[in-house]
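# Structural overview
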Amino acid sequence: MQLATIEFARNICGLTDAHTTEINPKTAKPVICTMAEQVEKIKEKDMGGSMRLGACDCKLHSESLSRKLYGTDKISERHRHRYEVNNNFRKQLEAKGLLVAGINPKQNLVEIIELPKHKFFIGTQFHPEFKSRPLSPHPLFKGFIQAATRK
Amino acid sequence: MNPTEHGEVFVTNDGLETDQDIGNYERFLDQDILRDNYMTTGSVYQMVINRERNLGYKGKCVEIIPHITDEVKDRLMKVAKKNKADFVLVVMVCN
């Protein structure tokens, strides 16, 4: 999701120097940046088991493909990350057609992005594979296969 | 948890980073596995040492036997009680 956001910012929003601070800490357009809760941890080199970890709630946009695939408004998914979409760029990204399909209601973090003009373009901040199981595959993977097989 | 040695870094619902074996068990058993079900030498030692530092052993001499071994046993009992299990299966993984 993070690199898709950067690509969208560069090529659709015209922010040619958009980047993540993880790769370029001095970028002028940090569309992906360290989460507020992580800044201190990185400074103190507190790097063991200190990411944003485990299950978090996510509210889905009513018009999104994700909402359709999950079949519910509120989901819980597992995370493992320190960086996030920078909310200062959110309006700019949305204005050009990036759909923020899922947000964390407590922290107002972008958890899912979609490009509605595509048949299937979903990027997630969480790891859907953690909750996918052999006999109950994750709705996003199922949706992806379905979209790929549709003529 | 170097992914080149451990494969996937699997994350439990309650936010523990584990070996991918837990991912295999969770997916194939179709049951959420929580942090109490996962134990490493490091996590046991860390807990015992931190407890000693916080006067949890009241200044007593802390040794592998019985303190580390007791911590291992306590954790197994805790899991058994929590899950109301008849028995606890312990799987040892050496990487």
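To start, this report covers the structure provided alongside it. What you are looking at is a predicted structure, and each value in this text was computed from that prediction instead of being measured. (Residues numbered from 1 in each chain as written. Chains lettered and ligands numbered in written order. Predicted model: local features only at pLDDT ≥ 70, side-chain atom pairs only at ≥ 80, totals over all residues. Heavy atoms only, no water.)

### Things to note about the interface of chain A and chain B
Definition in use: The contact rule is simple, with two residues in contact once any of their heavy atoms fall within 4.5 Å. Accessible area that two parts lose when put together, with a 1.4 Å probe and added across both, is what the buried area reports. Here, a salt bridge means any Lys or Arg side-chain nitrogen found within 4 Å of an Asp or Glu carboxyl oxygen. Polar contact is the term for a pair of N or O atoms within 3.5 Å; when the atoms are in protein, one must be able to donate a hydrogen and the other to accept it, and sequence-neighboring residues count only if both atoms are side-chain atoms. Here a strand is any run of E in DSSP of at least two residues, a helix any run of H or I of at least four, and the numbering for each starts at the N terminus. Polarity classes work like this: nonpolar for Ala, Val, Leu, Ile, Met, Phe, Trp, Tyr, Cys and Pro, charged for Asp, Glu, Lys and Arg, and polar for all others, with Gly in that last group.
Taken together, the contact between chain A and chain B spans 14 residues of the former and 14 residues of the latter. Of the roughly 1,200 Å² buried at the junction of chain A and chain B (both faces included), carbon and sulfur atoms supply 45%. It is R78, F130 and R133 of chain A that lose the most area in chain A upon contact with chain B, and together they represent 46% of the buried surface on that side. Taken together, the links from chain A to chain B amount to six salt bridges. Its salt-bridge partner being R133 of chain A, residue D32 of chain B comes within 2.7 Å of it at the nearest N-O pair. For the pair chain A and chain B, the number of links is eleven residue pairs in polar contact (both at pLDDT 80 or more). Sorting the residues of the side of chain A that touches chain B by element identifies β3 (52-60) and β4 (74-81) of chain A as the ones contributing at least two each. Here the side of chain A that touches chain B is composed, by residue class, of five nonpolar, five polar and four charged.

### Points about the sheet that holds strand β7 (residues 109-114) of chain A
Residues and elements named next belong to chain A. So the rule is basically this: When DSSP finds two or more bridges between two strands, those strands count as paired. Every axis corresponds to a line fitted to the C-alpha atoms, with the helix fit spanning only the stretch in contact, and the corresponding angles, defined between N-to-C directions, vary from 0 to 180 degrees.
Spatially, β4-β3-β6-β7-β8 is the arrangement adopted by the five strands of the open sheet, whose pairing is antiparallel. In this open sheet, the two edge strands, each paired with only one partner strand, are β4 and β8 (122-124). Across the sheet, the mean angle separating the axes of adjacent strands is 35° when strand polarity is ignored. Both β3 and strand β6 (residues 99-104) contribute to a ladder of two bridges, which runs antiparallel. Considered in β6, the bridge of K59 is made with I103.

### Focus: helix α1 (residues 2-11) of chain A
All names here are of chain A. Let me state the cut-off plainly: Accessibility here uses a 1.4 Å probe with only protein chains present; expressed as a share of the type maximum, an area under 20% marks a residue as buried, one over 50% as exposed, and anything in between as partly exposed. In this description, one arc is meant: the one made by directions from the helix axis to the C-beta atoms.
Within α1, burial applies to Q2, T5, I6, F8 and A9. For α1, the arc enclosing every buried residue in end-on projection is 165°, short of the 170-degree limit, so these residues lie on one face. In α1, the exposed positions angled more than 90 degrees off the buried face are occupied by L3 and N11. Contacts from the buried residues of α1 go to β1 (18-20), β2 (29-34), β5 (83-85), α4 (90-95) and β7.

### Quick notes on the environment of I113 of chain A
All names here are of chain A. If you trace the backbone, I113 turns up in strand β7. I113 gets classed as buried once you look at its relative accessible area, which sits at 1%. When residues no more than four places from it in sequence are discounted, the contact partners of I113 are M1, A4, T5, L98, L99, A101, F121, I122 and G123.

### Regarding the side chain of H79 of chain A
With respect to the helices, strands and loops of the structure, H79 of chain A is situated in strand β4. Here the side chain of H79 of chain A touches E77 of chain A through a polar contact of 3.1 Å, landing on its backbone oxygen. Once residues lying within four places of it in the same chain are set aside, the contact partners of H79 of chain A are R52, L53, G54, C56, E111, Q125 and F126 of chain A together with V11 of chain B.

### Focus: the layout of surface pockets
Residues and elements named next belong to chain B. Operational definition: Grid spacing is 1 Å over the protein atoms alone, the probe is 1.4 Å, and a cavity is where that probe fits but cannot get out, while a pocket is an open set with protein on both sides within 12 Å along at least five of seven lines and lining residues have an atom within 4 Å of a point. Grid points are joined across faces, edges and corners, and a volume is the space filled by probe spheres set on the points.
As a volume, the largest pocket reaches approximately 1,300 Å³. Taken together, 36 residues make up the lining of the largest pocket; nearest its centre are N37, Y38, L89, V90 and V91. Of all the secondary structure elements, the ones that give two or more residues to the lining of the largest pocket are α2 (20-29), α3 (41-53) and α4 (64-82). Across the lining of the largest pocket, the residue classes tally to 24 nonpolar, six polar and six charged. Considering only enclosed or pocket space, the second largest pocket measures out at about 520 Å³ in volume. In this structure, the second largest pocket is lined by 15 residues; those nearest its centre are L16, R35, S43, M47 and R75. Listing elements by their share of the lining of the second largest pocket, those giving two or more residues are α3 and α4. Counting residues per element, the lining of the second largest pocket draws most heavily on α4, at five residues. In terms of residue class, the lining of the second largest pocket is built from five nonpolar, three polar and seven charged.

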